[in-house]
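Chains, contacts and geometry: an overview
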Amino acid sequence: MKVLIADDTNTDRLLLKLHLAKLGCQVIEAKNGQEAVSQYLANLDEIDLILIDVQMPVLNGFEAVKAIREIQQQNQQEWFPVIFLSASGNETDVENGIMAGGDDYLIKPISQKVLAAKMHAMKRISDMRSRLVESNKMLESLASTDYLTGIANRRCFEVSLESVIDVHRDESSRCCACGILDLDKFKNINDSFGHDIGDKVLIDVSNVIQQHLTENDLFGRLGGEEFGLLLMSESREGLIERFEEIRQLIERYQFTIKDQLIDITTSIGVVAVSDQCKSRNQLLKRADELLYEAKTSGRNRVCFDV
Ligand SMILES: Nc1nc2c(ncn2[C@@H]2O[C@H](COP(=O)(O)OP(=O)(O)OP(=O)(O)O)[C@@H](O)[C@H]2O)c(=O)[nH]1
């Protein structure tokens, strides 16, 4: 545990340092509030706890903690506990300390046992908070990822689509088109080989397509055997070429099931982002109509409106 101690009294600081060393802590020292802020800035993301005196020259403890909490918020840094250590402990001091961003307030002289117990309690809160932050990150990722293929799910694809077309509308000179890709006669694969093999094909198809895309493209599973794409190119011809390449990529890819090569093809409906078609819903609706056209006119083809 890395602890920043700020106290203008050398003996208090030394005593505290000895206690903390016995508890196995690594200590950084500051002789006043201003130094505490500087030490915090020099050790961003490394401090686990601050123990700080109230009455100090240059910047007092309350002012220093206020400044530190502001920096912490601005940089969206992990929370860490702050404990005030002061000779004066009237109700107003305690209240001011907590309002300044402190989490506890101990009256000097500090008992080693009480300090160790308080640090233990703060560590427990800090660990609990870290676990919560981790769980939230995991939930966020689960909420945006398709459970089977690991690519973006429908919700994530639609949100990203919206933000990309917003930026594109304002500042991009590049062409951009939204496509819906659907595997042809996929029910036959499930019926002939079973649902697990069907799942494997969906994973393989998404991997093959993903490897072909650039980091500026968007790709997500809209549901079932249907995928969404948003591709960029320098020209409209370039867009047609890129979607056609993806259709051919799947057509030529050798999908092997139980040592047997099977043919997989896709139908794709593609619409360019334009003044006439520029909202997420308009794009998906038009791409879906074009997909239907591709299916009814024989499958294994791309129908464009670019
Ligand atoms: N294995 C697997 N199958 C799925 C999944 N989601 C949907 N399906 C299957 O996908 C098939 C889609 O069938 P249809 O909508 O009739 O379409 P299709 O057979 O691909 O025919 P066309 O789209 O008209 O070419 C159904 O059999 C669904 O059960 C999934 O996550 N895994």
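Nothing here was measured: the structure is a model prediction, and the numbers come from that model.

For the structure on display, the rule yields 24 salt bridges. A salt bridge links Lys-17 to Glu-29; the nearest nitrogen and oxygen atoms lie 2.8 Å apart. In this pair, Lys-17 sits in helix 1 (residues 10-22) while Glu-29 sits in strand 2 (residues 26-30), placing the two residues 12 residues apart along the sequence. The partly exposed category is assigned to Lys-17, whose relative accessible area is 33%.

Moving on, we come to the packing of aromatic side chains. Applying the stated criterion to the full structure yields five aromatic pairs. Here Phe-84 and Tyr-105 contribute two aromatic rings whose centre-to-centre distance is 6.1 Å and whose plane-to-plane angle is 40 degrees, an arrangement assigned as tilted. Of the two residues, Phe-84 is situated in strand 4 (residues 82-86) and Tyr-105 in strand 5 (residues 104-107); the sequence distance between them amounts to 21 residues. Owing to a relative accessible area of 9%, Tyr-105 belongs among the buried residues under this scheme. A network of ring pairs unites the aromatic residues Phe-62, Phe-84 and Tyr-105 as a single cluster. The lysine or arginine in question, Arg-69, covers the ring of Phe-80, its NZ or CZ lying 5.1 Å from the ring centre.

Moving on: the UniProt feature "domain: GGDEF" (unreviewed entry) in the protein. UniProt's feature table lists "domain: GGDEF" (unreviewed entry) at residues 174-306, given in the numbering used throughout. Regarding residues 174-306, the helix share stands at 45% and the strand share at 30%, and the terminal C-alpha atoms are separated by 13 Å.

Once that is clear, we can look at unusual backbone geometry. Here the residue pair Lys-108 and Pro-109 is connected by a cis peptide bond, since its omega of -5 degrees sits within 30 degrees of zero. Within the secondary structure, Pro-109 is located in the loop between strand 5 and helix 5 (112-144). Within the chain, Val-58 stands out as a residue other than glycine whose phi angle is a positive 70 degrees. Position of Val-58 relative to the elements: it lies in the loop between strand 3 (49-53) and helix 3 (61-74). With phi around 65 degrees, Arg-299 is a residue other than glycine that occupies positive phi space. Mapped onto the secondary structure, Arg-299 falls in the loop between helix 10 (280-296) and strand 12 (302-305).

Basis of the calculations
Residues numbered from 1 in each chain as written. Predicted model: local features only at pLDDT ≥ 70, side-chain atom pairs only at ≥ 80, totals over all residues. Heavy atoms only, no water. Salt bridge = Lys/Arg side-chain N within 4 Å of Asp/Glu carboxyl O. Helix = DSSP H or I, 4+ residues; strand = E, 2+ residues; numbered from the N terminus. Buried < 20%, exposed > 50% of the residue type's maximum accessible area, 1.4 Å probe, protein only. Phe/Tyr/Trp six-rings, centres within 6.5 Å; stacked < 30°, edge-to-face > 60°. Lys NZ or Arg CZ within 6 Å of the ring centre and 35° of its normal. UniProt positions renumbered as here; feature names shortened; annotations may be inferred.

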